[in-house]
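Commentary on secondary and tertiary structure
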Amino acid sequence: MNSLWDDQEAARFATDAMLGLRVYSSQLLGRDTDLVLHGGGNTSVKGSLVNVFGQSEEVLFVKGSGWDLQTIAAGGFAPVRLDYLKRLATLPALSDTGMMRELRLALLDPNAPTPSVEAILHALIPLRYVDHTHADAVVAISNTPDGEAVLRKLYGDEVLILPYVMPGFILAQQVHQATLNADWSRLKGIVLLHHGIITFDDDCRASYESMIALVNKAEGYLRNRGAWTQAATARHAPKSVDFIHLAALRHQASDMMGSPVLARWDRSAEAVGYSLLPGVADIATRGPLTPDHSIHTKAFAAIFDDDPRDGLARFQSAYNDYFSQHAAPHHTCLDQVPRFGIWREKGMLYIAPDSKRIGVVGDISAHTVKAIQWAEALGGWVALPKQDLFDIEYWELEQAKLKRGQTRGEFEGRVVLVTGAGSGIGKACVEAFVSKGAAVVALDINTTITGMWSSRQVLGRVCDVTDTQQIEAAVQAAVETFGGIDVLVSNAGNFPPSRQLKDMDAQTWEQSLSLNLSSHMNMLRACIPFLELGIDASVVFIGSKNVPAPGPGASAYSVAKAGLAQMARVAALELGSKGIRVNTIHPNAVFDTSLWTDEVLAQRALSYQLTVDEYKKNNVLGRNVGSSDVARLAVQMAGEGFACTTGAQVPVDGGNDRVI
Ligand SMILES: [Zn+2]
């Protein structure tokens, strides 16, 4: 592990004298996923503020709850009265809710985020900068039979080593007691066994680089003991039945959750290698790397066989036992859906209610898999007792973190596949479904599709829908990434050159039928097995006004779209008994799409003897119709508003007198 400190970069942050460097080195810690993951860890700096009476007050600026170190800004640090925090540490006891109330009371800015649950601990350390991470290497060593002894030997008297206690007030008290007579000038850090590590210094860079140096010692130890390269790797050639099993698993997990969830298959060499380890079922269910992870991943993994649904039932029963053994009377059992599991010989499976959280589960699992193998090489993975894990998973403060700011979008946990997603109507459909919380697979023949979406919510993938092998691969990628397909928006198409029938050439005719008709059938056929396992599954075909009202010179297009509309009606009949709805949108004159080049627009206007502008608004409502208007209807068709409608053909055309 290297220090990422860069003087020039630091200088840009340092223009904010109070918090600039604090923000900078917090981001550096956050950038290294071997140190912290997704909201883990926290940092602080001590300074002062002048209040409205002109008096200077000593302040701890501590990471606000809900902020991520990698992306934290000055506004993410909550200013808390330092002496108040120090007094809190002397109380004999303080409940969790009592502590959070006091932390908010001690804020110097009522609009600041709620201070980290470790605020009191940060206040007790008399150095200006305090950094706390859950460094993989340090925690992994501490999760071994001789972990404590190894760390004591490794760090000598520069580092205080403390046994695991519950984070928050109890941890603050522990540190308070343990450091009453500490010589802070000699101490470089504190290791919290099974949890993490703290460093501190009056200098920002020194505190950060102490962290790097101490973690490096732990990494060096793993190297010397030959543990560093122990991670198993292997490959698994997927079979098509694997994808069906995965979609069935996701469907059942959604039933158990009572709302749609996503599932992801990790087929990386590390995940497959791990799933092949002898004894993996035992080591994977012992517990997480650091207890903080259990709020995202639950305390232990599921074990999945060929048909992974059996694993869900086994996990449910194991989770019920875990709950009844460790719960207090006031606890209510959370959902019994695993968040990650070993799929024997095939890799890892992740399950979560949305695309952001499934990414979090995947990242945490990757680090856990690596750390467990280090620890196994050092003599065995020893996680915390299940009661400690339970106490964290059911800690009201952690549960509050998960719930904050979560209003579920209408399509959250659902998977939408859109073809022709690189521009026009397809692109607008991706945006519309994303805004409703859906996980979207965006396919396009144009290679720019892969870079078009940077969020975890969208998988952009190149696919030529006239190639059945590419369709197959794209559908499998969708299922591998999100666990299934609930909605197909079959949109890809083009407008061939205008030709009278007397001049029609075979190529124009056949290419149009291939893209505008056959490709939709091939895509639908590939998706049907997954739509059958989908959640409120539906298909939206993007047809054309040319179906009810064709124009001269557009036979290759109109005939293909008419065929598509007829296929959609047959599909509605065939798939209705499976609960799959199939509806068609007939857009007209949507000019913000790539079909409508200036040339085509001019030609069409001419054929109606209109100017281009007249042609654009030539509808009953006199409205300019856009891609987003079509996308809005596609979302409606896939939603509750169309729950009882299948086989419908709905125009989005501003009202066309030839259609009406
Ligand atoms: Zn921590």
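Residues numbered from 1 in each chain as written. Predicted model: local features only at pLDDT ≥ 70, side-chain atom pairs only at ≥ 80, totals over all residues. Heavy atoms only, no water.

**Focus: a nonpolar patch on the surface**
The criterion, for reference: Note on patches: the residues involved have over 30% relative accessible area and no salt bridge, like charges join within 9 Å, and the nonpolar side chains Val, Leu, Ile, Met, Phe, Trp and Tyr join within 5 Å. With residues, only the protein chains shown are counted as cover, and all accessible areas are computed by Shrake-Rupley using a 1.4 Å probe. Every case where a carboxyl oxygen of Asp or Glu lies within 4 Å of a side-chain nitrogen of Lys or Arg is listed as a salt bridge. Each helix corresponds to a stretch of at least 4 residues labelled H or I by DSSP, and each strand to a stretch of at least 2 residues labelled E; elements are numbered beginning at the N terminus. Burial classes: relative accessible area under 20% of the type maximum marks a residue as buried, over 50% as exposed, and values in between as partly exposed (1.4 Å probe, protein chains only).
A cluster of nonpolar side chains, contributed by V620, L621 and I660, occupies part of the molecular surface with about 360 Å² of accessible area. Relative to the helices and strands, L621 resides in the loop between α24 (612-616) and α25 (627-638). We classify L621 as exposed; its relative accessible area is 60%.

**Describing the domain arrangement of the protein chain**
Applicable threshold: Boundaries of every domain are those given by an automatic assignment or by a domain database. In what follows, a contact means two residues having at least one pair of non-hydrogen atoms within 4.5 Å. A 1.4 Å probe defines the accessible area here, and the buried area is the portion of it lost by two parts on being joined, summed over both.
Domains assigned within the protein chain are domain 1 (7-224), domain 2 (240-403) and domain 3 (415-594 + 626-652). Between the C-alpha centres of domain 1 and domain 2 the distance comes to 28 Å. Taken together, the contact pairs 28 residues of domain 1 with 29 residues of domain 2. Taking both sides of the interface into account, the surface hidden between domain 1 and domain 2 amounts to around 2,400 Å²; carbon and sulfur atoms contribute 68%. Contact with domain 2 buries area across many residues of domain 1, yet L37, H38 and N143 alone supply 23% of it, more than any other trio. Between D136 and K370 there is a salt bridge whose closest N-O contact spans 3.0 Å. When residues of the side of domain 1 that touches domain 2 are traced back to their parent elements, those giving at least two are α4 (96-105), α6 (136-142) and α9 (204-224). Considering each element in turn, the side of domain 1 that touches domain 2 owes the most residues, five residues, to α6.

**Some details on the coordination of the zinc ion**
Which entries qualify depends on this criterion: In this listing, donors mean N, O and S atoms no farther than 2.8 Å from the metal, or 3.2 Å for Na, K and Ca; water is missing from the atoms, so a site can look incomplete.
Bound to the zinc ion on the protein side are H132 (NE2), H134 (NE2) and H195 (NE2), at distances that span 2.1 to 2.2 Å. We note that the donor set of the zinc ion lies within a single chain, spaced as H-x1-H-x60-H. One end of the pair, H132, is in strand β4 (residues 129-133); the other, H195, is in the loop between β6 (189-192) and β7 (196-201), with 63 residues separating them in the sequence.

**Quick look at the pattern of salt bridges**
Per the counting criterion, the structure on display carries 30 salt bridges. Residue D282 is joined to R286 by a salt bridge in which the shortest nitrogen-to-oxygen separation is 2.7 Å. Here K298 makes a salt bridge to E393, at a shortest N to O gap of 3.3 Å. Pair noted here: K298 is in the loop between α13 (294-297) and β9 (302-304) and E393 is in helix α16 (residues 386-393), with a separation of 95 residues, a long-range link. When sorted by exposure, K298 lands in the same class as E393, which is buried. Residues joined in a network through salt bridges with shared partners are K298, D335, R339 and E393.

**Some points on the pairing of β4**
Heads up, the condition is: The rule for pairing is simple: two strands pair if DSSP sees at least two bridges between them.
Taking burial as the measure, the five residues of β4 include five buried ones, the bulk of the element. The alternating pattern of β4 places Y129, D131 and T133 on one face and V130 and H132 on the opposite face, and all of these are buried. The pairing of strand β1 (residues 42-50) with β4 spans four bridges and is classified as antiparallel. Residue pairing across strands places S44 opposite V130, the latter belonging to β4. Bridge count between β4 and β7: five bridges; the pairing is antiparallel. Within β7, the residue paired with T133 across the bridge is I197.

**A short note on the packing of aromatic side chains**
What counts here: Note on aromatic contacts: the rings of Phe and Tyr and the six-membered ring of Trp form a pair at centre separations within 6.5 Å, being stacked when their planes are under 30 degrees apart, edge-to-face when over 60 apart, and tilted otherwise.
Under the defined criterion, the tally for this structure stands at 20 aromatic pairs. With a centroid separation of 5.3 Å and 85 degrees between ring planes, the pair formed by F300 and Y322 is classed as edge-to-face. In this pair, F300 sits in the loop between α13 and β9 while Y322 sits in helix α14 (residues 309-326), placing the two residues 22 residues apart along the sequence. Of the residues examined, F300 reaches a relative accessible area of 6% and is grouped as buried. Taking the centre distance of 5.2 Å and the plane angle of 85 degrees together, the rings of F411 and F433 count as edge-to-face. Taken as a pair, F411 in the loop between α17 (396-403) and β12 (415-419) and F433 in helix α18 (residues 424-435) lie far apart in primary sequence, 22 residues in all. Residue F433 is classed as buried on the basis of its relative accessible area, which comes to 0%. Among the aromatic side chains, those forming a connected cluster through ring pairs are F300, F315, Y319, Y322, F323, F390 and Y394.

**Focus: the packing of α18 against α25**
Heads up, the rule is: Axis lines are fitted through C-alpha atoms, for helices just across the contact stretch, and the angle between N-to-C directions can take any value from 0 to 180 degrees. The scheme is simple: roughly parallel for angles under 35 degrees, roughly antiparallel for over 145, roughly perpendicular for 65 to 115, oblique for anything else. Note on convention: the crossing is left-handed when the near helix lies turned anticlockwise from the far helix by less than a right angle, right-handed when the turn is clockwise.
One can describe the packing of α18 onto α25 by two numbers: an axis separation of 8 Å at closest approach and a directional angle of 50 degrees. One element, α18, and the other, α25, form an angle in the oblique class. The way α18 lies across α25 gives a crossing that is right-handed. Facing α18, whose interface residues are G424, I425, A428, C429, A432 and F433, α25 presents S627, S628, V630, A631, A634, V635 and A638.

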